Amino acid sequence: MTIKLIVGLGNPGNEYKDTRHNAGFWFIDKVADRFGICLNHDKKFRGDVGRGKIFGQDIRLLKPDTFMNLSGMAVAPLAKFYNIQADEILIAHDELDIGAGSMRLKTGGGHGGHNGLKDITPHIGANFHRLRIGIGHPGHASKVSGWVLSKPSSDDLISIDRALDCAIEHLKIIMTGDFDKARNGINGFKPIS
């Protein structure tokens, strides 16, 4: 079993481009840049879509333009059209419960209150892989909305950027389907403080 689709979650538009909620988009942009994959807007799949080779394997990239809470409306049609199963999909998204600069690679499970995952699961099931990109927590539930829609500090941004680079280094292992090995490397990554 290999990954055929990598999705990065975020919100479209310049006003959200640099906000914490767009960490999934940042990952896709880095992957596209690293492997020379061109992203183009595709109305049919409601997002920016690219296709290329990652370590010799055919892969599609997707950044939905549906806003976070409607992400399933982009992921499901593309997966269905290309006959990509849930366990062949890696979804990168921001994660409040993990500090900035740390990550977790996980397969299946609940949505944990994440609106993007909450919308995707009814469409394709929960058996997809997740790259949970830590953005830290503001400390109180009432501050969450403002936190995810604001820019990280420069120190946090550097830490997140390093974590994303680490995730890209582990893509070769992920593409082979050796998730245990990839999980060890990604989950063990620590930001330099």
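Residue numbering note: each chain is counted from 1, following its sequence as written. A pLDDT threshold of at least 70 governs which residues receive local features in this predicted model, and a stricter bar of 80 or more applies before side-chain atom pairs are shown or counted, although totals over entire chains, interfaces and linings include all residues. For side-chain calculations, the full set of non-hydrogen atoms in the structure is used, while hydrogens and water are omitted.

### Notes on the overall build of the protein chain
In plain terms, the rule: Only DSSP runs of H or I reaching four residues or more are called helices, and only runs of E reaching two or more are called strands; each is numbered from the N terminus. With the radius of gyration taken over C-alpha atoms, the globule rule is written as 2.2 Å times the number of residues to the power 0.38. Classification of residues uses two cut-offs on accessible area relative to the type maximum, computed with a 1.4 Å probe and protein chains only: under 20% is buried, over 50% is exposed, and between them is partly exposed. Here a residue-residue contact requires only that any non-hydrogen atoms of the pair lie within 4.5 Å. Method for areas: the Shrake-Rupley scheme with a 1.4 Å probe, in which residue coverage is limited to the protein chains shown. Residues scored as charged are limited to Lys and Arg (positive) and Asp and Glu (negative), so that His and the chain ends carry no count. Taken as the charge centre is NZ of Lys, CZ of Arg, CG of Asp or CD of Glu, depending on the residue.
In terms of regular secondary structure, the protein chain is built from 7 helices and 7 strands. Against the globule reference of 16 Å for 193 residues, the protein chain gives a C-alpha radius of gyration of 15 Å, in line with a compact fold. Taking all 193 residues of the protein chain together, the buried fraction comes to 50%. In the protein chain, once contacts between residues fewer than 6 apart in sequence are set aside, the share between residues at least 24 apart is 69%. Surface summary for the protein chain: the accessible area is close to 8900 Å², and the carbon and sulfur share equals 49%. The centroid of the 25 positive side-chain charges in the protein chain is displaced by 3 Å from the centroid of its 21 negative side-chain charges.

### Topic: the pattern of salt bridges
The following threshold applies: The working definition used for a salt bridge is a side-chain nitrogen of Lys or Arg within 4 Å of a carboxyl oxygen of Asp or Glu.
For the coordinates displayed, the defined rule picks out 8 salt bridges. The partner of Lys63 in a salt bridge is Asp29, with the nearest N and O atoms 2.8 Å apart. Highlighted residues: Lys63 in strand E4 (residues 57–64) and Asp29 in helix H1 (residues 23–35), separated in sequence by 34 residues. Using a relative accessible area of 12% as the deciding quantity, one classes Lys63 as buried. Exposure remark for Asp29: the relative accessible area of 35% places this residue in the partly exposed category.

### Side note on the environment of Ile91
Residue placement: Ile91 occurs in strand E5 (residues 89–95). C-alpha separation for the pair Ile91 and Gly50, spaced 41 residues apart in sequence, amounts to 15 Å. Beyond its immediate sequence surroundings of up to four residues, Ile91 is in contact with Val7, Leu9, Leu117, Ile120, Phe128, His129, Arg130 and Leu131.

### What about the UniProt feature "active site" (unreviewed entry) in the protein chain?
Quick reminder of the rule: UniProt positions are given in the numbering used here, feature names are shortened, and annotations may be inferred rather than shown by experiment.
The positions UniProt marks with the feature "active site" (unreviewed entry) are His21. Residues contacting His21, with those up to four places away along its chain left out, are Leu9, Gly10, Asn11, Met68, Asp94, His114, Val148 and Leu149.

### Considering the nonpolar core
We apply this condition: Only buried residues count toward a nonpolar core. Its members are Ala, Val, Leu, Ile, Met, Phe, Trp, Tyr and Cys residues joined through side-chain atoms within 4.5 Å.
Residues Ile6, Phe27, Ile54, Leu131 and Leu171 are the most contacted members of the largest nonpolar core, which totals 37 residues. For this core, the element with the highest residue contribution is H1, accounting for 7 residues. Apart from residues no more than four positions distant in its own chain, Phe27 is found in contact with Ile6, Ala92, Leu131, Ile133, Leu164, Ala167, Ile168 and Leu171. Counting residues in hydrophobic clusters, the runner-up holds 20 residues, among them Leu5, Met68, Ile91 and Leu117.

### Details of the pairing of E4
The side chains of a regular strand alternate between both faces of the sheet. Which entries qualify depends on this criterion: Whether two strands pair depends on DSSP finding at least two bridges between them.
Across the 8 residues that make up E4, a large majority, 6, are buried. In this sheet, E4 lies alongside strand E3 (residues 47–54) in antiparallel orientation, the contact comprising 8 bridges. Bridge assignment links Gly50 to a residue of E4, and that residue is Leu61. Here E3 folds back onto E4 in antiparallel fashion, the turn holding 2 residues, of which Phe55 has a positive phi close to 50°.

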